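Here's the letter readout for the chains.
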Amino acid sequence: MATVNWIADASHSEIGFKVKHLMISSVKGSFSDYQVNVSSEDNDFGKADISFSAQIASINTGSEQRDGHLRSADFFDAEQFPTMTFKSTSISGYDGSSDFQVHGDLSLHGHTHGVTLDVEFGGVVNDPWGNTKAGFTLSTKINRKDWGLVWNAPTETGGLLVGEDVKIHIDLELQKQA
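About the thresholds
- In this numbering scheme, every chain counts its residues from 1 along its sequence in written order.
- The predicted origin of the model limits local features to residues at a pLDDT of at least 70 and limits the giving and counting of side-chain atom pairs to 80 or more, whereas totals for whole chains, interfaces and linings rest on all residues.
- Only hydrogens and water are removed before side-chain values are computed, so all heavy atoms of the structure are retained for them.
- Buried Ala, Val, Leu, Ile, Met, Phe, Trp, Tyr and Cys residues form a nonpolar core when they are joined through side-chain atoms within 4.5 Å.
- To sort residues, take the accessible area from a 1.4 Å probe on protein chains only and compare it with the maximum for the residue type: under 20% means buried, over 50% means exposed, and anything in between is partly exposed.
- Secondary structure elements follow DSSP: runs of H or I of four or more residues count as helices, runs of E of two or more count as strands, with numbering from the N terminus.
- We call two residues contacting when some pair of their heavy atoms lies within 4.5 Å.
- Here, patches come from residues exposed beyond 30% relative accessible area and free of salt bridges, joined within 9 Å for like charges and within 5 Å for nonpolar side chains (Val, Leu, Ile, Met, Phe, Trp, Tyr).
- To be clear on the numbers: accessible area is Shrake-Rupley with a 1.4 Å probe, and residue cover counts the displayed protein chains and nothing else.
- We count a salt bridge whenever a side-chain nitrogen from Lys or Arg sits within 4 Å of a carboxyl oxygen from Asp or Glu.
- Neither His nor the chain ends is counted toward charge; the positive residues are Lys and Arg and the negative residues Asp and Glu.
- A charge is said to be at NZ when it belongs to Lys, at CZ for Arg, at CG for Asp and at CD for Glu.

Right, let's talk about the nonpolar core for a bit. Membership of the largest hydrophobic core comes to 45 residues, with the highest contact counts inside it found for F31, F45, F76, F136 and L174. Element by element, the count of residues in this core is highest for strand 11 (residues 162-176), at six residues. Leaving out residues up to four positions away in the same chain, L174 has contacts with W6, I7, A8, V36, V38, T132, K133, A134 and F136.

Together, K18, K20, K28, K141 and K167 make up a positively charged patch on the protein surface. Note that K28 resides in strand 3 (residues 25-31). On the accessibility criterion, K28 (60% relative accessible area) is exposed.

The next subject is unusual backbone geometry. One non-glycine residue, D77, lies in positive phi territory at about 50°. Following the sequence through the fold, D77 ends up in the loop between helix 1 (64-71) and strand 7 (83-92). Positive phi, normally seen in glycine, also occurs at H109, with a value near 55°. Mapped onto the elements of the fold, H109 is located in the loop between strand 8 (100-108) and strand 9 (111-126).

Structure below.
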């Protein structure tokens, strides 16, 4: 078996998140500056080595004022902690044709904790230009306080401005490297 390297096709991929606002609705965001690297044996992802990094300053929620607040020391402190990273430690449930899980370490805001990403495997195909592509949707939920992201504000009704649970959603279209 040959080792194959894969990278994200940025025009068909996204690293996004969703968090409750006022406990009644959700705010979505994503990171526009990221790198994804996957190393596998041929097209077998069962023992793949997976890593990604995202530049915190590239956060985008559709509101420049909110994005500035998220980059500040109240939240991500992008100046002191400019990068979020993930490094896989193991893969479970992979059979080559269905969903599986990727276990690894998520480092953010000076803290590292183990997380499990649920993976929907879309398959491997060749595009019309002769490139081999692999598709995945990954998701997990984390408590932002575990990573030291503790800022919040009470509302008049006794609730909180920002939810603690953050849903992470990653759409990946990987391209095999020559």
